[in-house]
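The primary structure of each chain is shown beneath.
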Amino acid sequence: MANEASVLDAFKENQETTVIDTNKKMRVGIIGTGWIADAHIKSYKNQPDVEIVAGADLIPGKAEAFFKKHGVEGVKTNYKDHAEMLADKSLALDAVSICTYNRQHANCAIDALNAGIHVMLEKPFTVTLDEAVEVMRAEKKSGKVLSIGFQPRLDENMQMIKKIVESGELGQIYYIQTGGGRRRGIPTPFGTTFIEDKTAGLGALADIGCYSLDMVLNAIGYPKPLTVSGYKSAFFGTDPKYSNYVATGHPEYAALFGVDDFAAAFIRLEGGIVLDFRIAWAMNMDTPGDTIILGTKGGLRIPSTECWNGSVGGPMKIYHEVAGSQVVTEIPIIPMNGPSLFDRKIRTFLDACKNGTPAPVPSSQILYNQAILDAIAKSATIGKEVEVEIPEV
Ligand SMILES: NC(=O)c1ccc[n+]([C@@H]2O[C@H](COP(=O)([O-])OP(=O)(O)OC[C@H]3O[C@@H](n4cnc5c(N)ncnc54)[C@H](O)[C@@H]3O)[C@@H](O)[C@H]2O)c1
């Protein structure tokens, strides 16, 4: 029987094992020790070739308490901000995770790259397109790895969307509808850094909108955006009677709310593709619809998830013709197997740093994602369509 099983094992699809070179330890620091830093440190702790050596937060004592909570000892944390930590050459940092709120993404990334350190930067890339271009200029000058934190891409179901498009099964793509949202889901469980303009800069548009754009743009090879007609609003976030503020006893959050809680846009992309986009942290609807990709040979429906976290919400369906009959093919959900998406995000980043290979989620792609977010915000402000102009890096 054992022999039979091992013979059959030869047909298993995934026979690969990854060998991690533990001789070269990566010296890692964490900038910003808030909510998402928890996921980063947990994943770094799972890597056998990482030494976490430093951490910085603007709030005195926060970084120290963070490492204590995670049982990581010997980490230097006596820095008033990221710049002081990056200036400490005794750390000999190889890489940093930047887990600050959006408004602090660009300056932290630029400073780290200028210090010759590889960067894992949380999503969204930045708040404005100009900031993203500045970060990329620093990346280019440094020759270091810059990867943007889009872990949903590492889900096999998301990768299947790209495989389907690339297989030609859908023919020529001409129309995409993407986006999603929550009925009541403005993210304030840990305070107001997601909703204040001075920390977040953009709301649902950047927070979950960037995922929704990446889901489809990555699948179709990130064509350049050409024009955008955008809209954004903030009817729920600015209302002290918003149910979640009332439920959590924080009606004062309404006055602090300085971003969008809903956005929509019509986007023209190079290659004659149009993209219809909508995203919501709060709305009077369960979902603004599934993601659909229409092509000349087939159409793909990607079910939305309830909380919209940038993943595939159920079995996808391809609507196509087989021998002249209209057929619907269901693509079963691929169950999660192996490391978590965050472990994959950190591992692929470390591998790129160690092997000198391209960033797993390269800035050159996410630049177009950022250009769309930026153009939606601009177009919404002036109330008409804008042309997307992307400065040279
Ligand atoms: N990939 C994901 O699944 C995911 C999930 C949640 C949040 N995020 C992203 O992570 C980022 C952080 O979100 P969060 O919820 O952890 O925010 P948070 O407010 O809980 O934490 C951010 C921390 O960064 C610190 N900080 C800001 N500027 C700093 C600087 N210059 N130097 C040192 N520390 C600094 C703040 O004091 C704060 O403690 C956001 O951009 C968000 O979009 C990603």
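It should be emphasised that the depicted structure is a prediction, and the values quoted were computed from it without experimental measurement.

(A) Region of the structure containing the packing of helix 2 (residues 37–45) against helix 12 (residues 341–355). Where helix 2 meets helix 12, the closest approach of the two axes is 9 Å, and the angle between their N-to-C directions is 70°. Relative to helix 12, helix 2 is oriented roughly perpendicular. Like other packed secondary-structure pairs, helix 2 and helix 12 cross with a definite hand, here right-handed. The segment helix 2 lies against helix 12, with Ala39, His40, Ser43 and Tyr44 engaging Phe342, Asp343 and Ile346.

(B) Here's a closer look at the nonpolar core. One finds Val96, Ile98, Ala109, Val119 and Ile376 to be the most contacted residues of the largest nonpolar core, which totals 116 residues. Here this core gets ten residues from one element, more than from any other, and that element is helix 13 (residues 363–382). Looking at which domains feed residues into this core, each of domain 1 (26–150 + 341–361) and domain 2 (156–334) gives three or more. In this view, Ile376 contacts Leu205, Val228, Gly230, Lys232, Ala263 and Ala265; residues no more than four positions away in its chain are not counted.

(C) Looking closely at the environment of Ala280. Checked against the element boundaries, Ala280 lands in strand 9 (residues 273–280). Residue class for Ala280 comes out buried when judged on the 30 C-beta atoms lying within 10 Å of it. Note: C-alpha distance between Ala280 and Met336 (56 residues apart in sequence) is 27 Å.

(D) Main features of the sheet that holds strand 7 (residues 225–233). Read across the sheet, nine strands follow the order 13-12-11-10-6-9-8-7-14 without closing on themselves; strand pairing throughout is mixed. Of all the strands in the sheet, just strand 13 (325–331) and strand 14 (386–387) have a single pairing partner and so form its edges. Relative to strand 14, strand 7 is paired through two bridges, and the arrangement is antiparallel. Following the sheet pairing, Thr227 is matched in strand 14 by Glu387. In this fold helix 7 (residues 156–167) packs onto strand 6 (173–181), strand 10 (291–295), strand 11 (298–302), strand 12 (316–322) and strand 13, with an angle of close to 175° to the strand it touches most, strand 11. Helix 13 contacts strand 7, strand 8 (262–269) and strand 14 of the sheet and is inclined by roughly 55° relative to strand 7.

Conventions adopted
Residues numbered from 1 in each chain as written. Predicted model: local features only at pLDDT ≥ 70, side-chain atom pairs only at ≥ 80, totals over all residues. Axes fitted to C-alpha atoms, helices over the stretch in contact; angles between N-to-C directions. Helix = DSSP H or I, 4+ residues; strand = E, 2+ residues; numbered from the N terminus. Parallel < 35°, antiparallel > 145°, perpendicular 65-115°, else oblique. Left-handed = near helix turned anticlockwise from the far one by under 90°. Contact = placed C-beta atoms within 7 Å. Core = buried A, V, L, I, M, F, W, Y, C linked by C-beta atoms within 7 Å. Buried ≥ 20, exposed ≤ 12 C-beta atoms within 10 Å, placed from the backbone. Domains from an automatic or database assignment. Pairing = 2+ DSSP bridges.

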